[in-house]
Amino acid sequence: MTGETAELMSHPAAWTRRDLLDLESLSLAELTTILDTACAFKRATDGCRTRLPLLGGKTTANLFFENSTRTRTSFGLAAKRLGADVVDFTASSSSLSKGETFIDTAKNIEAMNVDVMVMRHRTPGAPWLLSQHVRCAVINAGDGTHEHPTQGLLDIMTIREHRGDVRGLTVALVGDIAHSRTARSNIWGLLKLGAHVIVCGPSTLVSRGWEQYGVEVAYSLDSILPRCDVLNLLRIQFERQSTRPFPSVREYALLYAMNAARMARAKKDILIMAPGPINRGVEVTPDVADGPHSVILHQVTNGLAVRMAALWLVCGVKDRTCPPATGVPTGCVVV
Amino acid sequence: MPALLIKNGRLIDPSQQLDRVANLLIEGHRIAGVDVPDQSADEVLDAAGQIVAPGLVDIHTELREPGLEEDETIESGTAAALAGGYTSVACLPNTDPPIDTQPSVEFVRQKAARARHCHVFVLGCVSKNREGRELAEIGSLVESGAVGFTDADRPIHNPELLRRALEYCLMFDVPILDHPEVLELSHNGIMHEGVTSMVLGLPGMPADAEDVMTARDLRLAEYTGSRLHLMNISTAGSVELIRRYKARGIRITAEVGPAHFCLTDERLRTFDAHCKVNPPLRSQHHVDACLAGLADDTIDVIASCHAPRASEKKLQELDLAPFGMVNLETTLGLVVTHLIRPGRLTWPQALAKLTVNPARVLNLDKGTLQVGAAADVTIIDPELRWTVRADQFKSRSRNTPFEGTELVGRAVRVLVDGQTRFQLA
């Protein structure tokens, strides 16, 4: 065992959460702990190639109630790199189609002595509901249009790797902000780490409400482009839109696609990121997606490191001490 | 006739502007005297330190029977009403089948009579099968006892249908009760649209979805000259519109429920399905407007908006969980705690919105302690501190966001037609 691995064996004191549900409620110390752990894991595993069996004897369950290839594979591989057993569960193959509630499904899986549940669900808040009904740790792998904490973390890890620090950078999230869980997790993580965050997209998909959190709201990509250090190009989530919020894909591409002409007006060292899956020709053209500024595939590798870190950190906490919620209920009018 | 003397209580009856420490005499099932001197009676009740009020009247209760007995029955719902201090409830027709025919009205009335808890008045459907297409047989329903018409939680979407309904009701002098919501603006919504919904990624129901429909309803009420009651108002826009139309003398009334004067959309931050109601919990700005509307009497009625839902329905993902919260057993405590004690409403003002005002909306001879009226009386301990425990509810459902909340003020004894039907243990 190398010195660094031995050091990794001791669980960081800054991490006391049984669950990783969102980035909004994480403290700066918690955020840096998980990012630093991910970096250390990446180094200790030759870039996430080799095993680091810190979770031998543990079992993680992937509960994906919504389709996913990348995230599910990434979590599964991360668990295996750590020496854990992985159970895969898909909604279509499940008792959900027989009318069972997802809480009952989850409790049944937990009864098979699972240590961590990694859940993706179409409904915001579903991981909170789950965490109130199971004793095992819960990791949110994307809850509808709310948050996708490990995606936010891997995006930020990628920026840190290429730029050293996030503080002071101008990071634009471009596209369908309204329906993007990636956008929300990025916003909270980046704000805490001191970045200047811009959300940019059609006015039907970008709320002015973000301004009150210190986020810049822009509708024109061309006007903000010269100031950006990082562009994170979000996919248009057609499946989550009830009425189409812009007239045509062609018009969207005209206004927001990152292409060679726009690259020519961008900073020379701009980073092009995308959480994927990407729609080539819609939010990004192939030459840019595959070009020298693109770090899209680095993001995928870092996803493994971040998920290894998340699994290990939550496994090191025995009990759920803090309430599993984004905040104390404050809605009662004070009298 | 057996006589009951309730003495030394603070007698508050807004129907006759009464508010003083006085004795109340009941003979048989009627009020026999208000402000009577001490005298002998078959039974004497000392209500010193307590408030003696007309039995509370709720005009927005879902009893769920027939068809949805997993949520509530007429028996359990009326028991809950009594425990909350209500002696009369008007029940919504969102049952299965909906209450749109004479036999269905009679079924509810018979079941209620058999339960022998509180009086039950029936609200019939505006449209057949609550489909919003053709008028239900309003005249026949009136004949069998329906006192008002509503499609419950379904807004009357077609403006022509609402206009006809309002006009048709003129000849029976019964009101239409509408839930104002433009569904195209709010569909798939889970919570109030605003900064909180933006952060949580939950689909929003904008305030405008209510405001636009409130405006339409008020125009049609003015045009037809009919009686319109707006249910479950929740937005600053609605309150302002109602205030303006009332100033012009239009015959409209409006209600709010507890959800909209004591909770905000911030409560959804815990993703608690008990906080999923329609109209949704609004932001503080709207709550403040509802409070102002209550204080200046723009809002006539405080309704329970009791919407019981079985736990297996609520214990689901937020998009699948139905709207609604139970409130029959908490409304009075919430009114005392959030409206009276902070000085937003006086006791007579609050009790008017819980007794005579709702009775007047439906032309009921309830909510009064006038001599000769049925002796429906609620005795309230205004200082009693208690903690909401859903497992002690008489209601069959437990869907309250107030579990564990400490409230002040509770009905300790409730009389219906002169008989004690509820007494706090």
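Residues numbered from 1 in each chain as written. Chains lettered and ligands numbered in written order. Predicted model: local features only at pLDDT ≥ 70, side-chain atom pairs only at ≥ 80, totals over all residues. Heavy atoms only, no water.

Engineer: Before we move on, can you summarise the sheet that holds strand S6 (residues 196-200) of chain A with the specific residues and values?
Structural biologist: All names here are of chain A. Taken together, five strands build an open sheet; the order of strands is S7-S6-S5-S8-S9 and the sheet is parallel. Each edge of the sheet is formed by a strand with only one pairing partner; in this case those strands are strand S7 (216-218) and strand S9 (271-273). Across this sheet, the average inter-strand angle for adjacent strands is 20°, counted without regard to direction. When strand S5 (residues 170-174) meets strand S8 (residues 230-233), the two strands line up parallel, connected through four bridges. Bridged to Leu-173 within S8 is Asn-232. Strands S5, S8 and S9 of the sheet are contacted by helix H6 (residues 149-163), whose axis makes an angle of about 160° with S9. (Pairing = 2+ DSSP bridges. Helix = DSSP H or I, 4+ residues; strand = E, 2+ residues; numbered from the N terminus. Axes fitted to C-alpha atoms, helices over the stretch in contact; angles between N-to-C directions. Contact = heavy atoms within 4.5 Å.)

Engineer: Describe the packing of aromatic side chains, naming the residues involved and giving the relevant values.
Structural biologist: All names here are of chain A. Across all of its chains, the model carries ten aromatic pairs over all chains by this definition. Where Phe-65 meets Phe-89, the ring centres are 5.6 Å apart and the plane angle is 65°; that geometry is what we call edge-to-face. With Phe-65 in the loop between strand S1 (59-64) and helix H3 (70-81) and Phe-89 in strand S2 (residues 85-90), the pair connects residues that are 24 residues apart, well separated along the chain. Taken as a pair, Phe-65 and Phe-89 share a single burial class, namely buried. (Phe/Tyr/Trp six-rings, centres within 6.5 Å; stacked < 30°, edge-to-face > 60°. Buried < 20%, exposed > 50% of the residue type's maximum accessible area, 1.4 Å probe, protein only.)

Engineer: Run through the interface of chain B and chain A, naming residues and quoting values.
Structural biologist: With 29 residues of chain B in contact, the opposing surface of chain A contributes 32 residues. Together, the buried faces of chain B and chain A total about 2,500 Å²; carbon and sulfur atoms form 61% of this surface. Contact with chain A buries surface across chain B, with Met-198, Phe-271 and Glu-317 of chain B losing the most and accounting together for 24% of the total. Taking the shortest distance from any N to any O, the salt bridge between Glu-24 of chain A and Arg-269 of chain B comes out at 3.1 Å. Between the two partners, chain B and chain A, sit seven residue pairs in polar contact (both at pLDDT 80 or more). Looking at the side of chain B that touches chain A, the elements that each hand over two or more residues are helix H6 (195-200), helix H9 (259-262), helix H10 (284-295) and helix H12 (331-340) of chain B. The leading source of residues in the side of chain B that touches chain A is H6 of chain B, at four residues. Split by residue class, the side of chain B that touches chain A holds 14 nonpolar, nine polar and six charged. (Buried area = accessible area lost by both parts, 1.4 Å probe. Salt bridge = Lys/Arg side-chain N within 4 Å of Asp/Glu carboxyl O. Polar contact = N/O pair within 3.5 Å; in protein donor to acceptor, adjacent residues only side chain to side chain. Nonpolar A, V, L, I, M, F, W, Y, C, P; charged D, E, K, R; others polar.)

Engineer: Outline the environment of Leu-35 of chain A, supporting the account with residue identities and numerical values.
Structural biologist: Residues and elements named next belong to chain A. Along the chain, Leu-35 turns up in helix H2 (residues 28-44). Separated by 274 residues in sequence, Leu-35 and Ala-309 place their C-alpha atoms 7.9 Å apart. Leaving out residues up to four positions away in the same chain, Leu-35 has contacts with Leu-153, Ile-156, Met-157, Arg-160 and Leu-193.

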